[in-house]
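Below, each chain spelled out in residue letters.
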Amino acid sequence: MLIFGSRSSHLKTVPTTISCASCGTPNQTQISVYGRYLHVFWIPLFPIGKSVVAHCEHCQKTYRPASLPQELKEAGRAAKRQAKAPFWHYLGLSTIILLLSTLIYIGSSTTDNTELYFADPKPGDKYMYKVENDGDKVYSYFKIATVGKDTLWVHLNKYFSEKQFRSYKIDKTDNYEEETVAMPRATIAKMKTDGNIMSISR
Ligand SMILES: [Zn+2]
């Protein structure tokens, strides 16, 4: 079963004024450029080169790449430079790059260690939490000062944000209370179960 190979597609045909080496007629020889591409399961991956074929319209002589007269070779090189492989020759490669970059992006943007940090709290950990205020949901932080067996002593952030995505603005050192308050770990666990701990950063 053929799953991997190369194919060619026509890119461009240009007229020339060159006289045909076979019949001597000028202005009748055309140069055609073909783009070769690698494919897997007939899906083009990426281009692997170009070749030129010349054809005399007068005597129907076809010049293969290996048998191009010098003059046609030079005209062929110029035609190759002008002929660009179409986007679909890169289809497979572009798809792979797109998929990889998407995966890398997802991987980097959603690396969320909240579960890890929750299981093993450390001083300095910052919890973003949600709380109801007059029927509205608001967001704030508390920062762990001391980790006890059943209790975490935390510095509460003095401010609340109405939007979760903007709450980072209140996360400034000066915005945390000097004093600490005791937060039973059971209470924090309940907040987390209820979906009120949004994230933990370290
Ligand atoms: Zn000819």
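Residues numbered from 1 in each chain as written. Predicted model: local features only at pLDDT ≥ 70, side-chain atom pairs only at ≥ 80, totals over all residues.

### Some remarks on the sheet that holds strand β5 (residues 126-133)
Logical step 1: In spatial order, the strands read β8-β7-β6-β5-β9; together these five strands make up an open sheet with antiparallel pairing. Every other strand in the sheet has two partners, leaving β8 (181-184) and β9 (197-201) as the edge strands with one partner each. Shown here is a sheet whose adjacent strand axes are inclined to one another by a mean of 40°, direction ignored.
Logical step 2: Looking at chain direction, strand β7 (residues 151-156) and β8 are connected through four bridges and run antiparallel. If you follow W153 over to β8, its bridge partner there is A182. (Pairing = 2+ DSSP bridges. Helix = DSSP H or I, 4+ residues; strand = E, 2+ residues; numbered from the N terminus. Axes fitted to C-alpha atoms, helices over the stretch in contact; angles between N-to-C directions.)

### Considering the sheet that holds strand β3 (residues 43-56)
Logical step 1: Spatial ordering of the open sheet is given by β1-β2-β3-β4, a layout of four strands whose pairing is antiparallel. Two strands in the sheet have a free side with no partner beyond their single neighbour: β1 (4-15) and β4 (62-63).
Logical step 2: Here twelve bridges tie strand β2 (residues 29-40) to β3, and the two strands are oriented antiparallel to one another. Considered in β3, the bridge of Y37 is made with P47.
Logical step 3: Its contacts with the sheet place helix α1 (residues 70-82) against β1, β2, β3 and β4, and it is angled at close to 50° to β2. (Contact = placed C-beta atoms within 7 Å.)

### Observations regarding the domain arrangement of the protein
Logical step 1: Domain annotation for the protein reports domain 1 (4-109) and domain 2 (114-201).
Logical step 2: Put simply, the middle of domain 1 and the middle of domain 2, counted by C-alpha atoms, are 62 Å apart. (Domains from an automatic or database assignment.)

### Side note on unusual backbone geometry
Logical step 1: One non-glycine residue, F41, lies in the positive phi region at around 50°.
Logical step 2: Relative to the assigned elements, F41 resides in the loop between β2 and β3.
Logical step 3: F41 sits in the exposed class, given 10 other C-beta atoms within 10 Å.
Logical step 4: Phi is positive for W42, close to 65°, though the residue is something other than glycine.
Logical step 5: Within the element layout of this structure, W42 appears in the loop between β2 and β3.
Logical step 6: You can call W42 exposed: it has 9 C-beta atoms within 10 Å. (Buried ≥ 20, exposed ≤ 12 C-beta atoms within 10 Å, placed from the backbone.)

### Examining α1
Logical step 1: With 13 residues, α1 extends 19 Å between its outermost C-alpha atoms, agreeing within 8% with the 18 Å of an ideal straight helix rising 1.5 Å per residue.
Logical step 2: Residues of α1 that are buried include every one of L72, A75, G76 and A79, and no others. Projected onto a plane normal to the axis of α1, the buried residues spread over an arc of 110° and lie on a single side. Projecting away from the buried face of α1 at angles above 90 degrees are the exposed residues Q70, E74, R77 and R81.
Logical step 3: Against β1, β2, β3 and β4 lie the buried residues of α1. (Expected span 1.5 Å × (residues − 1). Arc of directions from axis to C-beta.)

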